[in-house]
Amino acid sequence: MPSPASPEAHFTIDALYVYPVKACAGVAVEHLVIDGEGGATGDRHWAIVNARGDVTWQGDHPRLALVHPQLTEDALVLTTPGMAPVRVSSQASLAPVHVTIWNERDRRAEVFDAGDAGNAAAAWLTRVTGALLRLVRLGEAARRRDTVNRLHLTTRASAGAVDRHLAEAGGPPADPRRYRPNIVLRSDAPAFEEDFLLAFEGPAGRIEVTSPCVRCVVPNVDPSDASVSPRTLEALSALSAAHHPGKPTTFGVYGRAAAGKRFGVGDVFSSEIAF
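Every value quoted in this text rests on a predicted model; they were computed, and no experiment measured them.

**Student:** Any chance you could explain the sheet that holds strand 5 (residues 68-71) here in plain terms?
**Tutor:** Pairing between the strands of a sheet comes from backbone hydrogen bonds, and it takes one of two forms, parallel or antiparallel. Pairing within the open sheet is antiparallel, and its three strands lie in the order 5-6-7. At either margin of the open sheet sits one strand with a lone partner, and together these are strand 5 and strand 7 (83-89). Each neighbouring strand pair of the sheet contributes to a mean axis angle of 20 degrees, computed without reference to strand direction. Relative to strand 6 (residues 75-80), strand 5 runs antiparallel, the two sharing four bridges. In the strand pairing of strand 6, His68 is matched with Thr79. Taken strand by strand, helix 1 (residues 119-129) contacts strand 6 and strand 7, and its axis lies near 145 degrees from that of strand 7.

Right, dumping it as structure tokens:
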């Protein structure tokens, strides 16, 4: 087992991302403002549903990685290479629908209210993915459900360890966007130091670590072209097993912060160790 984290470890925010549409590409930002649930304002307020109304993900539809959302003052705009964008007005009255979200913790499906973004957006998504998909804006109950992990944090050091493992197997490095973080941290601390921390404390506020991030197959999707290969998840699994034998594959940690806090690229945090 690795040694506990260094009490002198400091971390600097290297990059920040929000994901306006669940399962689609992230948007790099300079600042994150924390909402009332402890996550990033505007994060995953929209989602993609299949023909049954189930909220879906890149594991089923890798080409969603090529859908790039942009939030303007009055609209959500979706873009992808080689196609004209589609725009959904933030002032539009969306048709009420029910959507189903899988509750991983309790192993059951839950139904929530949402608003359907219309046929133009649905047709656009079908052209991109080849599947019958629709864009929905999630209702407040869906956004506030207590099973949502609010902030996802990864470190450059841990991503570098994955890349070294891939290189030893003769493969290319992994685009760090595969891990879909909200906050990317850099430091002189060893890889996977974040696994041993209770919190990050900085001048802008505190980020509590709530749990490790158990990894699914999404890191196998290349965000640049939506190609799928098992190499990245295999590397994550091997490294995770070495650090945490007998436990699920993890990479990065989940966190939560107080409402109204504002974090920016360049912010420096001290760390609180879990003993």
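Now that the structure has been shown, the text picks up again.
**Student:** Even after reading the chapter, I still don't get the layout of surface pockets, so can you show me in this structure?
**Tutor:** Any space left empty among the atoms is revealed by the rolling of a water-sized probe across them. Of the voids in this model, the largest pocket is the one considered here, and its volume is about 1,600 Å³. At the level of secondary structure, the elements contributing two or more residues to the lining of the largest pocket comprise strand 8 (95-103), helix 2 (140-143), strand 11 (151-155), strand 14 (205-214) and strand 15 (250-257). Its residues placed into classes, the lining of the largest pocket shows 17 nonpolar, twelve polar and 20 charged.

**Student:** I'm lost on unusual backbone geometry in this one. Help?
**Tutor:** Peptide bonds are mostly trans, and most non-glycine residues show a negative phi. The phi torsion at Arg44 lies on the positive side, around 55 degrees, for a residue other than glycine. Note that Arg44 resides in the loop between strand 3 (31-33) and strand 4 (46-49). The phi angle at Arg107 is positive, at roughly 55 degrees, despite the residue not being glycine. Along the polypeptide, Arg107 turns up in the loop between strand 8 and strand 9 (108-116).

**Student:** I would appreciate a short explanation of the nonpolar core in the present structure.
**Tutor:** The nonpolar side chains of a soluble globular protein tend to be buried, and buried together. Among the nonpolar cores identified, the biggest contains 22 residues, and Leu151, Leu153, Ile183, Phe200 and Ile207 are the most heavily contacted of them. Among the elements that line this core, the one with the most residues is strand 1 (residues 10-18), at four residues. Apart from residues no more than four positions distant in its own chain, Phe200 is found in contact with Phe11, Leu153, Leu185, Glu194, Gly205, Arg206, Ile207, Val209, Phe269 and Ser270. In terms of nonpolar packing, the next biggest core, distinct from the first, is built from 21 residues, Cys24, Trp46, Ala117 and Leu135 among them.

**Student:** Would you take a moment to explain the pattern of salt bridges for this structure?
**Tutor:** Should the charged atoms of two oppositely charged side chains come close, the side chains can pair. Under the criterion given, the structure shown has 18 salt bridges. Close ionic contact of Arg134 with Asp116 constitutes a salt bridge, the shortest N to O distance being 2.7 Å. You can see Arg134 sitting in strand 10 (residues 134-138) and its partner Asp116 sitting in strand 9, a full 18 residues away along the chain. Classification of Asp116 by relative accessible area gives buried; the value is 11%. Taken together, the shared-partner salt bridges connect Arg105, Asp106, Arg108, Glu110 and Asp146 into one network.

**Student:** Explain the sheet that holds strand 9 to me, please; I cannot follow it from the model alone.
**Tutor:** One open sheet accounts for four strands, arranged 4-10-9-8; its pairing is antiparallel. Pairing within the sheet leaves two strands with one partner each, and these edge strands are strand 4 and strand 8. On average, adjacent strands in this sheet sit at an angle of 50 degrees to one another, irrespective of strand direction. Looking at chain direction, strand 4 and strand 10 are connected through four bridges and run antiparallel. Bridge pairing in strand 10 links Ala47 to Val136. Contacting strand 4 and strand 10, helix 1 crosses the sheet at an angle of about 125 degrees to strand 10.

Conventions we followed
Residues numbered from 1 in each chain as written. Predicted model: local features only at pLDDT ≥ 70, side-chain atom pairs only at ≥ 80, totals over all residues. Heavy atoms only, no water. Pairing = 2+ DSSP bridges. Helix = DSSP H or I, 4+ residues; strand = E, 2+ residues; numbered from the N terminus. Axes fitted to C-alpha atoms, helices over the stretch in contact; angles between N-to-C directions. Contact = heavy atoms within 4.5 Å. 1 Å grid on protein atoms, 1.4 Å probe; cavity = no way out; pocket = protein on both sides within 12 Å on 5 of 7 lines; lining within 4 Å. Points joined across faces, edges and corners; volume = space filled by probe spheres on them. Nonpolar A, V, L, I, M, F, W, Y, C, P; charged D, E, K, R; others polar. Core = buried A, V, L, I, M, F, W, Y, C linked by side-chain atoms within 4.5 Å. Buried < 20%, exposed > 50% of the residue type's maximum accessible area, 1.4 Å probe, protein only. Salt bridge = Lys/Arg side-chain N within 4 Å of Asp/Glu carboxyl O.

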